[in-house]
Amino acid sequence: MITIIDYGLGNLGSILNMLKKIGAKAQISSSLQEIERAEKLLLPGVGAFDNGMAQLRARGMVELLNWKALEQKVPVLGICLGMQLLGNRSEEGHESGLGWIDGQSVRFSFDGANSGLKVPHMGWNLVANSKQSALLKDMLEELRFYFVHSYHFACNQPQDELLKTHYGFDFTSAIEKNNIMGVQFHPEKSHKFGMRLLSNFANL
Amino acid sequence: MLKTRVIPCLLLRGQGLVKTVKFKDPKYVGDPINAVKIFNDKEVDELIFMDITATIEKRGPNFKMISEIAAECFMPFGYGGGISHIDEVRRIINVGAEKVILNTAAHLNPNLIEEAAAQFGSQSIVVAIDIKKSIFGKAEVFIESGQKKVRISPVDLAKRVEQLGAGEIIVNSIDRDGTGEGYDIDLLNKISSSVHIPIVASGGAGKLADFREAKTRGGASAVAAGSMFVFHGKHRAVLITYPEYAELEASLN
């Protein structure tokens, strides 16, 4: 059973729909009791970094999530803002992040030959592996995913980078450290590629 | 490398999908949910749904239909038609649409763009501009499904909605709608060169080469098409199709 954390941000229905489609057991929950019992956690999120952290704090979820991720070591997947929250901080705000993966989110900024590139980075783009992972099991061909974001993750420890994507330059589009994973793109809106990635997460 | 998005634009009329020519003569082309399922299998980049009678029938969006679409749509989609209030924007996003498309409301209540962009982010607020050439060749903006002319130039309107916080503009040529004659490249170019947000070309696509023209000469970030993806052959038999990924790659990227 995957528990999708409802902390007041974003459209959780799309993620649940795709998990249902691939036959994975999942629930959306804002209940601390249910999150405490969760076997796997999915941290979604769209919107501003500070608002995301403030919502997690206001619901008293941060300590519980620290315990689940760092002590109990259940698999955790952050999506979009949910990935950025796994880092230490973001240029977008002042709040500190969960700090599970050493890195921070920085705004896309382009000049010179790249000055025509638009922010947000929105649309389908390719990803390239930086390392092997069970999350990418049997995904050997060219992979593409749907992105919408203005900030991107920057790892301080290169070994935490799982996927990278080119937009003006190569940026980190997925991270993985032990049981903690994050993807900048939206698997729930990336049809067969997203289905396979979420199936792999469900089967961990 | 970011891909140029190729977006089937599907018109809702009542419970069914239709396709028009120059905004007239709606022809039934099928069931929306069935179309979504087919487009899933074809790994489409994104979908646009426009309810073309919601505004003129003075009713709001069909939320039941939107949530049925969302439950089956494993790619991003935008919905437009009959949206006039921030609560409607919220409901559409909450049921699972990525983007809300405003047209008539963008003229009658520009504050809605500002309010919606502030609450949900610019990336989820799209303005569609319907444009028809006068007999003197002047590009004019129409609202209410092409029925009412408004006194603002397409370029001025595009600049205004960008300033209000719209994240994307669909430039739709009424004259080219359903004709397959190609996009109005001059119009696209005029608008894309006066704003910084992405432009979606719409109206007139008949072949893959038209997508490329819209991108390279028109400055479009994405291309939308209707007839090309719902009709087949010169007799316009209904057939839901979408080019193979490799074909699109060869043509666009």
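These numbers were taken from a predicted model, which means no experiment stands behind them.

J.: Which parts of the structure should I look at to understand the state of the cysteines?
T.: Here, the word disulfide means a covalent bond between the sulfur atoms of two cysteines. Residues and elements named next belong to chain A. One pass over the full model with this rule turns up zero disulfides over all chains. A disulfide-free cysteine, C80 has its sulfur positioned 16 Å from the sulfur of C155, the nearest such atom. Since its relative accessible area comes to 6%, C80 is described here as buried.

J.: Is there a simple way to think about the packing of aromatic side chains in this case?
T.: Each aromatic ring pair is specified by the distance between its two centres and by the angle formed by the two planes. Residue and element names in this part refer to chain A. Tallied over the full model, the rule gives 14 aromatic pairs over all chains. Measuring from centroid to centroid gives 6.0 Å for F108 and F169, while their planes differ by 45°, and the two rings are tilted. Placement of F108 in the loop between β6 (103-107) and β7 (121-129) and of F169 in strand β11 (residues 169-177) is noted, with a sequence separation of 61 residues between them. A centroid spacing of 3.9 Å and a plane angle of 15° characterise the contact between F145 and F185, whose relative ring orientation is stacked. Within this pair, whereas F145 is found in strand β8 (residues 143-149), its partner F185 is found in the loop between β12 (180-183) and α6 (191-202), the two being separated by 40 residues in sequence. The pair F145 / F185 is uniform in exposure class, with both members buried.

J.: What should I look at first to understand helix α1 (residues 12-21) of chain A in this one?
T.: Because each turn of an α-helix spans 3.6 residues, side chains separated by three or four positions end up pointing in the same direction. Of all ten residues in α1(A), seven are buried; the element is thus mostly enclosed. Every buried residue belonging to α1(A) is among L12(A), S14(A), I15(A), L16(A), N17(A), M18(A) and L19(A), and all of these are buried. Each element contacted by the buried residues of α1(A) is listed here: β1 (2-5), β2 (26-29), β3 (40-43), β4 (76-79) and α6 of chain A together with α2 (63-72) of chain B. Just downstream of α1(A), G23(A) is the residue with a positive phi angle, here 80°.

J.: Explain the interface of chain A and chain B to me, please; I cannot follow it from the model alone.
T.: Reports often express the size of an interface as the amount of accessible area lost when the parts come together. Listed by partner, the interface residues are 25 residues for chain A and 28 residues for chain B. Between chain A and chain B, roughly 2200 Å² of surface is buried when both sides are summed, and carbon and sulfur atoms account for 56% of that area. Among the residues chain A hides against chain B, the three largest losses belong to M122(A), W124(A) and K189(A). Together they make up 30% of the total. The interface formed by chain A and chain B includes two salt bridges. For E98(B), the salt bridge is made with K189(A), and the minimal N-O distance between the two is 3.5 Å.

J.: Hey, could you run me through the pattern of salt bridges in this one?
T.: Think of it this way: side chains of opposite charge can pair up when their charged atoms draw near. Tallied over the full model, the rule gives 19 salt bridges over all chains. The residue E43(B) makes a salt bridge to K192(A) at a minimum N-O spacing of 3.5 Å. In this pair, E43(B) is assigned in the loop between α1 (32-41) and β4 (47-51) and K192(A) in helix α6, connecting two distinct chains. Taking relative accessible area as the criterion, K192(A) reaches 32% and is therefore assigned partly exposed.

J.: Just to check I follow, could you spell out unusual backbone geometry for this structure?
T.: Backbone phi values are negative for most residues with the exception of glycine, while trans is the configuration of most peptide bonds. Following V119(A), the chain continues to P120(A) via a peptide bond in cis, the omega torsion being 5°. Note on placement: P120(A) falls in the loop between β6 and β7. With a phi angle near 50°, D25(B) is a residue other than glycine that sits in the positive phi range. Tracing the backbone through its elements, the reader meets D25(B) in strand β3 (residues 24-30).

J.: Quick question: what am I supposed to make of the packing of helix α3 (residues 86-95) of chain B against helix α5 (residues 111-120) of chain B here?
T.: Two measures define how a pair of helices packs: the angle their axes make with one another and the distance between the axes. All names here are of chain B. Taken N-terminus to C-terminus, the directions of α3 and α5 make an angle of 40°; their axes are 10 Å apart at the nearest point. Between α3 and α5, the crossing angle belongs to the class labelled oblique. Here α3 runs over α5; the crossing is right-handed. Residues I86, V89, R90 and I93 of α3 pack against L112, E115, A116, Q119 and F120 of α5.

J.: I would appreciate a short explanation of the environment of N178(A) in the present structure.
T.: In this fold, N178(A) is placed in the loop between β11 and β12. Note: C-alpha distance between N178(A) and I101(A) (77 residues apart in sequence) is 9.9 Å.

J.: Please clarify how the pairing of strand β5 (residues 77-80) of chain B should be interpreted in this entry.
T.: Regular strands place their side chains on alternate faces of the sheet. Residue and element names in this part refer to chain B. Burial along β5 is two-sided: the face carrying F77 and Y79 and the face carrying G78 and G80 are both buried. Sheet topology note: the β4/β5 ladder contains four bridges and is parallel. Across the sheet, residue M50 finds its bridge partner in β5, namely G80. When β5 meets strand β6 (residues 99-102), the two strands line up parallel, connected through three bridges. Looking across to β6, one finds that G78 is bridged to K99. Once the chain exits β5 it traverses α3 before rejoining the sheet at β6, and the crossover so formed is right-handed.

J.: Teacher, can you tell me more about helix α4 (residues 62-71) of chain A here?
T.: Residues and elements named next belong to chain A. For α4, the complete set of buried residues consists of V62, L64, L65, K68 and A69. On an axial view of α4, the arc spanned by its buried residues comes to 160°, and they lie on one face. Across α4 from its buried face, at more than 90 degrees, point the exposed residues E63 and E71. As for α4, its buried residues are in contact with β1, α2 (32-37), β3, α3 (49-58), β4 and β12. K73 lies just past α4 and shows a positive phi near 55°.

Cut-offs applied
Residues numbered from 1 in each chain as written. Chains lettered and ligands numbered in written order. Predicted model: local features only at pLDDT ≥ 70, side-chain atom pairs only at ≥ 80, totals over all residues. Heavy atoms only, no water. Disulfide = S-S within 2.5 Å. Buried < 20%, exposed > 50% of the residue type's maximum accessible area, 1.4 Å probe, protein only. Phe/Tyr/Trp six-rings, centres within 6.5 Å; stacked < 30°, edge-to-face > 60°. Helix = DSSP H or I, 4+ residues; strand = E, 2+ residues; numbered from the N terminus. Contact = heavy atoms within 4.5 Å. Buried area = accessible area lost by both parts, 1.4 Å probe. Salt bridge = Lys/Arg side-chain N within 4 Å of Asp/Glu carboxyl O. Axes fitted to C-alpha atoms, helices over the stretch in contact; angles between N-to-C directions. Parallel < 35°, antiparallel > 145°, perpendicular 65-115°, else oblique. Left-handed = near helix turned anticlockwise from the far one by under 90°. Pairing = 2+ DSSP bridges. Right-handed = clockwise from strand over helix to strand, strands pointing away. Arc of directions from axis to C-beta.

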